[in-house]
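One-letter residues, chain by chain:
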Amino acid sequence: VSGFETSANFVEEQKPGVFPKTLTNMWISVSIINILLPTLAICVLPLDDLVGDKSAFAVALLAERVGGPLLRDIVAIDALLV
């Protein structure tokens, strides 16, 4: 969850002028994540793994390749909870 889904709730609780700063910070973080994660995935995994049968769990596959089974399980559990 990037925060955009719940940003409307923050508007009511923030002082005037704070929300544009919050929105800017969210845009920056999401832009970095959306550039970094696919680039890392393409560098670490063969493209066939990203578009083949395993594409449904590409992030968990990437986590396993980079950090081992423990990180894969953490990513999978986090995806389940979100």
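Note that this is a predicted model, so its numbers are computed, not measured.

## So, the environment of R72
Its place among the elements puts R72 in helix α5 (residues 69-81). With a relative accessible area of 28%, R72 lands in the partly exposed category. Taking the C-alpha atoms as reference, R72 lies 7.8 Å from L62; in sequence the two are ten residues apart. Not counting residues up to four positions away in its chain, the partners in contact with R72 are A60, A63 and E64.

## Some thoughts on the pattern of salt bridges
Close approach of charged atoms allows side chains with opposite charge to pair. Evaluated as defined, the whole model comprises two salt bridges. In this structure, E64 and R72 form a salt bridge, with 2.9 Å as the shortest nitrogen-oxygen distance. Linking R72 and D73 is a salt bridge whose minimum nitrogen-to-oxygen distance equals 3.1 Å. Given a relative accessible area of 35%, D73 falls into the partly exposed group. One salt-bridge network, in which partners are shared between bridges, spans E64, R72 and D73.

## Section: the environment of L40
If you trace the backbone, L40 turns up in helix α2 (residues 19-44). Relative accessible area serves as the criterion here: at 37%, L40 is assigned to the partly exposed category. Each C-alpha atom of the pair L40 and L62 lies 8.5 Å from the other, and the pair is 22 residues apart in sequence.

## What about the nonpolar core?
One recurring pattern in soluble globular proteins: nonpolar side chains tend to sit buried together. Formed by A41, L45, L50, A58, L61 and L62, the largest nonpolar core amounts to six residues. With three residues, the top contributor of residues to this core is helix α4 (residues 58-67). If we skip the residues at most four places from it in the chain, L62 touches L37, L40, A41, V44 and L45.

Conventions we followed
Residues numbered from 1 in each chain as written. Predicted model: local features only at pLDDT ≥ 70, side-chain atom pairs only at ≥ 80, totals over all residues. Heavy atoms only, no water. Helix = DSSP H or I, 4+ residues; strand = E, 2+ residues; numbered from the N terminus. Buried < 20%, exposed > 50% of the residue type's maximum accessible area, 1.4 Å probe, protein only. Contact = heavy atoms within 4.5 Å. Salt bridge = Lys/Arg side-chain N within 4 Å of Asp/Glu carboxyl O. Core = buried A, V, L, I, M, F, W, Y, C linked by side-chain atoms within 4.5 Å.

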